[in-house]
Amino acid sequence: MSIVLLGVMLWKLVSADGSHSRENQINYSEFMAKVDEGDIKEVTLYLGQNSYDLWGRDVRSDRGFHLTLFKEAAPAVTEQLREKGVVVKIKEERSADWVLLLLNGLPLLLLAGFCLFLMRRVQAVGWRGTKWQPRETRTGIGYDLHRLEEGRPLIVGGIELPFDRGPVGHSDGDVLAHALCDALLGAARLGDIGTHFPDTDPKWKGAHSLLFLEHAKKLLADKNFAIEHVDAVVITEKPKLGPHFPKMREALGKALGIPAEKIHLKAKTNEGVDAIGRGEAIAAHVVATLSSR
Ligand SMILES: [Zn+2]
């Protein structure tokens, strides 16, 4: 934008430079004809070193015209004009061109400066509607645990993994999706997963948990929040989760409408300790960072 402004400014300067020297120059008889017709009622005589410049404004066309006079001819012409009732003002030679250029360009320079200031300001605090509001960053935490039972499908991060046990739960028991949903809702101060998808509601029985994330995405969008980053750790003794992370990140990112790069996943075991360590449960911790748009 500043390049465009600079271009406009240069154009303005160049056009200002050329406008008074050639385009509006007329000869003596043309000038006098305008005076006789009453189109020029006031003139200014600029006294230069070698020649004088006579300027008058045509009141009918509202354009300025000028005429270069020899010094010697100036007194007679001045006298003639006064006799015709024209007001004659005499001034020293007009300001040097660079002063004119500066005066012409100054408003544009100020405008360019203001635009730059505005751009910096928008980058710094963000623009929301017609009000300035500081950009806000929010963090939310989510945790979930499900018991594992034989013969149930193991779904983590929206992906079904080959395993002989799976989570017990009202929905599909996806600990990663549930903890992620809670982290997002927490960051946006929108309650938790139980508020929005109560396990007493038969509608959510066996529901695919990516649906919860799709709903969370809409809630965040309504509040003008954008998801900046998600970091998660899934704790289970078996199976190995690492090889499935790319697919999980894709599935979660698609449900949330964000690139998979914004989702970071880690896996842990519990070293054989407690229910998770004994393979009786699976758990996930998630931290999500949002920014207001
Ligand atoms: Zn859950």
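Attention here is on the structure that accompanies the text. Source: prediction; values computed, not measured. (Residues numbered from 1 in each chain as written. Predicted model: local features only at pLDDT ≥ 70, side-chain atom pairs only at ≥ 80, totals over all residues.)

## With respect to the sheet that holds strand E11 (residues 225-235)
The following threshold applies: Strands were regarded as paired on the criterion that DSSP finds at least two bridges between them. In this text, helices come from DSSP runs of H or I with a minimum length of four residues, and strands from runs of E with a minimum of two, each type numbered from the N-terminal end. Every axis in this analysis is a line fitted to C-alpha atoms, fitted for helices over the stretch in contact. Angles between the N-to-C directions lie between 0 and 180 degrees. Here the contact rule is simple: place C-beta atoms from the backbone, and any two residues whose C-beta atoms are within 7 Å are in contact.
If you walk across this open sheet you meet the 5 strands as E10-E7-E13-E11-E12, and the pairing is mixed. In this open sheet, the two strands that pair with only one neighbour each are strand E10 (165-167) and strand E12 (263-268). Neighbouring strand axes in the sheet, compared pairwise and without regard to direction, differ in orientation by 25° on average. Of the strands in this sheet, strand E7 (137-150), E10, E11 and strand E13 (281-292) are in contact with helix H5 (residues 175-187), which crosses E7 at around 155°. Helix H8 (residues 245-256) rests against E11 and E12 of the sheet, and its axis sits at about 140° to E12.

## Structural notes on the nonpolar core
Note the cut-off: Among buried residues, those of type Ala, Val, Leu, Ile, Met, Phe, Trp, Tyr and Cys that are joined through C-beta atoms within 7 Å form a set called a nonpolar core. Burial in this document is a count-based property: other C-beta atoms within 10 Å of a residue's C-beta are tallied, and the residue is buried at 20 or more, exposed at 12 or fewer, or partly exposed in between, with C-beta positions derived from the backbone.
Of all hydrophobic cores here, the largest spans 46 residues; its most connected members are Leu 176, Leu 180, Leu 184 and Leu 213. For this core, the elements supplying multiple residues, two or more each, are strand E8 (154-156), H5, helix H7 (210-222), E11, H8, E12 and E13. A total of 10 residues in this core trace back to one element, the largest contributor, which is H5. What Leu 180 contacts, discounting residues up to four positions off in sequence, is Gly 142, Leu 213, Val 230, Ala 232, Leu 252, Val 286 and Ala 288. Within the second largest apolar cluster, 12 residues are counted, among which are Val 43, Phe 65, Leu 67 and Leu 81.

## A look at unusual backbone geometry
Most peptide bonds take the trans form, and the phi angle of most residues other than glycine is negative. That bond from Lys 238 to Pro 239 is cis: its omega, -10°, falls within 30 degrees of zero. Along the polypeptide, Pro 239 turns up in the loop between E11 and H8. Here the phi dihedral of Arg 189 falls at roughly 55°; this positive angle occurs in a residue that is not glycine. Classification of Arg 189 by C-beta neighbours within 10 Å gives exposed; the count is 9. Positive phi outside glycine occurs at Glu 271, with the angle close to 55°. Note on placement: Glu 271 falls in the loop between E12 and helix H9 (274-277). Taking the C-beta count within 10 Å as the criterion, Glu 271 has 9 such neighbours and is therefore assigned exposed.

## Focus on the packing of H7 against H8
Counted only if it meets this: Every angle not falling under 35 degrees, over 145, or within 65 to 115 is termed oblique; those three ranges are roughly parallel, roughly antiparallel and roughly perpendicular. Each residue is assigned to one of three groups, with Ala, Val, Leu, Ile, Met, Phe, Trp, Tyr, Cys and Pro labelled nonpolar, Asp, Glu, Lys and Arg labelled charged, and all others, Gly among them, labelled polar.
At their nearest, the axes of H7 and H8 sit 7 Å apart, and the two run at 40° to each other. On the basis of the axis angle, H7 is oblique to H8. Listed contacts from H8 to Leu 210, Leu 213, Glu 214 and Lys 217 of H7 are Ala 251, Leu 252, Ala 255 and Leu 256. Considered class by class, the residues forming the contact of H7 with H8 number 6 nonpolar, no polar and 2 charged.

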